[in-house]
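Letter by letter, the chains look like this.
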Amino acid sequence: MADNPVWSRIKPFVNGGLCGMSATCCIQPIDIVKVRIQLGATGSPLGIASNIVKQEGFFTLYKGLSAGLLRQATYTTARLGIFKIITDKAKEANEGKPLPLWQKAACGLTAGGLGSLVGSPADLALIRMQADGTLPVEQRRNYRNAFHSLGSIVKEDGIGGLFVGAGPTVVRAMALNMGMLASNDQAKEYLDSMGVTGAPKIFGASAIAGFFASAFSLPLDFIKTQIQKMKPLPDGTMPYSSAFDCAAKTMAEGGPLAFYKGFPTYYVRIAPHSMLTLIFLNYVTEFQRENGF
């Protein structure tokens, strides 16, 4: 099967999507808490999770899972598949030598941006579903699942409504994937040079990748969340006219640290998801190589 040209082309995309979806199933409750903090919930992450369970039921922690899985099936399928292809091409152009960090970063930026364009509608559906419980009852959209959310958005706002916040979503994805994918490859090479192999190398590199993915992307994730969940003010205008307007108002009201609101929870959500995705991907790739897939 490894010699099948069709499978060889689609394998990086299939592997990426399946590993991202598996990681999302593990991380979804943390993502719910992260979004609630960004939308103004106060208290510790455990306290917020406890309140969600008491007030809205345990399965609220998995609200938006269908949209999260759809997002991984689109966004992560595309970004990891594209990253594998363009890094392989770059290595060929570099005569098989390890790529310098700046080239890995460029590959991560490109893969993240293109993948995010594919996944932006599902990302919007996920944010809307997760934020719904924070709205007054009369203002809730009450989406049943990801496809109901997407259909409602098209009905209310047209096809263009699916790409509300796509600009900051793409920039955030570029930053996250530059931090995650470039640092993961660089860390693997560094650990190899130190004689670290096997599981310690895989876990160590993925942990480093998770930290840089979180640190690079949180400010942009904060802006993206604010834009995607905003509703018209009483006078009919929107709170923010653009991503730049949101950034400027956030800076004026809370200073630079406002962009890192909820960083511990964001790190606990992004780092494990990045780590699990990369760990799953390593073991899936290794299994396929050993078994002729």
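Here the structure is a predicted model, which means the values were calculated and not measured.

Participant: Even after reading the chapter, I still don't get the overall build of the chain, so can you show me in this structure?
Facilitator: Helix and strand content of the chain: 9 helices and 0 strands. Reading the helices (α) and strands (β) of the chain from amino to carboxyl end gives α-α-α-α-α-α-α-α-α. Relative to the globule expectation of 19 Å for 293 residues, the C-alpha radius of gyration of the chain, 20 Å, shows essentially globular dimensions. Each of the three principal axes of the chain carries a C-alpha extent, and together these read 60 × 40 × 35 Å.

Participant: Can you help me understand the nonpolar core in this one?
Facilitator: Across soluble globular proteins, you tend to see nonpolar side chains buried next to one another. Leu176, Met180 and Leu181 are the most contacted members of the largest nonpolar core, which has 19 residues in total. Listing elements by their share of this core, those giving two or more residues are α3 (65–93), α4 (101–131), α6 (166–193), α7 (198–229) and α9 (263–290). Sort the elements by how many residues they give to this core and α3 lands first, with 5 residues. Setting aside anything within four residues of it in sequence, one finds Leu176 in contact with Tyr75, Arg79, Ala213, Ser217, Tyr266 and Ile270. Counting residues in hydrophobic clusters, the runner-up holds 10 residues, among them Ala125, Ala146, Leu150 and Ile153.

Participant: Can you walk me through the packing of aromatic side chains in this structure?
Facilitator: What characterises a pair of aromatic rings is the spacing of the ring centres plus the angle enclosed by the ring planes. Applying the stated criterion to the full structure yields 9 aromatic pairs. For the pair Phe58 and Phe59, a centre-to-centre distance of 5.5 Å together with 80° between the ring planes defines the contact as edge-to-face. Note on Phe263 and Tyr267: the rings are 6.2 Å apart at their centroids and 35° apart in plane angle, and the pair reads as tilted. Taken together, the residues span about one helical turn, with Phe263 and Tyr267 both in helix α9 at a distance of 4 residues. Judged by its relative accessible area of 29%, Tyr267 is partly exposed. Joined through ring pairs, the aromatic side chains of Phe211, Phe212, Phe216, Tyr260, Phe263 and Tyr267 make up one cluster.

Participant: Before we go on, may I ask you to explain the pattern of salt bridges in this structure?
Facilitator: Close approach of charged atoms allows side chains with opposite charge to pair. Summed over all chains, the structure comprises 7 salt bridges. Here Lys249 ties to Asp245 by a salt bridge, and the two come within 3.2 Å at their closest N and O atoms. One end of the pair, Lys249, and the other, Asp245, are both in helix α8 (residues 243–254), 4 residues apart, so they sit about a helical turn from each other. Classification of Lys249 by relative accessible area gives partly exposed; the value is 32%.

Participant: Where do I start with unusual backbone geometry in this structure?
Facilitator: Comment: phi is negative for the bulk of residues other than glycine, and the bulk of peptide bonds are trans. A positive phi angle is found at Glu95, which is not glycine, with a value near 60°. You will see that Asn142, though not glycine, has its phi angle at about 55°, which is positive. Tracing the backbone shows Asn142 in the loop between α4 and α5 (146–157).

Participant: Help me understand the environment of Cys107 in this model?
Facilitator: In this fold, Cys107 is placed in helix α4. Residue classification places Cys107 among the buried residues on the basis of a relative accessible area of 9%. For the pair Cys107 and Lys224, spaced 117 residues apart in the sequence, the C-alpha separation amounts to 23 Å. Beyond its immediate chain neighbours, meaning those up to four positions away, Cys107 contacts Phe83, Ile86 and Thr87.

Participant: Quick question: what am I supposed to make of the packing of α7 against α8 here?
Facilitator: Contact geometry for α7 and α8: axes closest at 10 Å, N-to-C directions at 110°. Between α7 and α8, the crossing angle belongs to the class labelled roughly perpendicular. Every pair of crossing elements has a handedness; the one defined by α7 and α8 is right-handed. Contacts between α7 and α8 pair Phe222, Ile223, Gln226 and Ile227 from the former with Ala243, Cys246, Ala247 and Thr250 from the latter.

Participant: Where do I start with α6 in this structure?
Facilitator: With 28 residues, α6 extends 40 Å from end C-alpha to end C-alpha; this agrees with the ideal 40 Å at 1.5 Å per step. Of the residues one or two after α6, Gly195 is the one with positive phi, at around 85°.

Participant: In this structure, what is going on with the packing of α4 against α6? I would like to understand it.
Facilitator: Packed helix pairs are specified by the crossing angle of their axes together with the interaxial distance, meaning the distance between the axes. Their axes nearest at 6 Å, the elements α4 and α6 cross at an angle of 140°. Classified by the interaxial angle, the pair formed by α4 and α6 is oblique. In this structure, the crossing between α4 and α6 has a hand that is right-handed. Classifying every residue of the contact of α4 with α6 by side-chain character gives 12 nonpolar, 8 polar and 4 charged.

Participant: Any chance you could explain a nonpolar patch on the surface here in plain terms?
Facilitator: On the surface, Val53, Phe58, Phe59 and Tyr62 cluster together into a nonpolar patch covering about 410 Å² of accessible area. By the secondary structure assignment, Phe58 is in the loop between α2 (45–56) and α3.

Participant: Could you clarify how one ought to interpret the state of the cysteines in this entry?
Facilitator: Put plainly, a disulfide is one covalent bond tying together the sulfur atoms of two cysteines. Under the counting rule described, the total for this entry stands at 0 disulfides. For Cys25, which is in no disulfide, the shortest distance to another cysteine sulfur is to Cys26 and amounts to 6.7 Å. Taking the relative accessible area as the measure of exposure, Cys25 reaches 36% and is therefore partly exposed.

What counts, and at which threshold
- Residues numbered from 1 in each chain as written.
- Predicted model: local features only at pLDDT ≥ 70, side-chain atom pairs only at ≥ 80, totals over all residues.
- Heavy atoms only, no water.
- Helix = DSSP H or I, 4+ residues; strand = E, 2+ residues; numbered from the N terminus.
- Rg over C-alpha atoms; globule rule 2.2 N^0.38 Å.
- Core = buried A, V, L, I, M, F, W, Y, C linked by side-chain atoms within 4.5 Å.
- Buried < 20%, exposed > 50% of the residue type's maximum accessible area, 1.4 Å probe, protein only.
- Contact = heavy atoms within 4.5 Å.
- Phe/Tyr/Trp six-rings, centres within 6.5 Å; stacked < 30°, edge-to-face > 60°.
- Salt bridge = Lys/Arg side-chain N within 4 Å of Asp/Glu carboxyl O.
- Axes fitted to C-alpha atoms, helices over the stretch in contact; angles between N-to-C directions.
- Parallel < 35°, antiparallel > 145°, perpendicular 65-115°, else oblique.
- Left-handed = near helix turned anticlockwise from the far one by under 90°.
- Expected span 1.5 Å × (residues − 1).
- Nonpolar A, V, L, I, M, F, W, Y, C, P; charged D, E, K, R; others polar.
- Patch = residues over 30% accessible without salt bridge, like charges linked within 9 Å, V, L, I, M, F, W, Y side chains within 5 Å.
- Areas by Shrake-Rupley, 256 points an atom, 1.4 Å probe, with all protein chains shown as cover.
- Disulfide = S-S within 2.5 Å.

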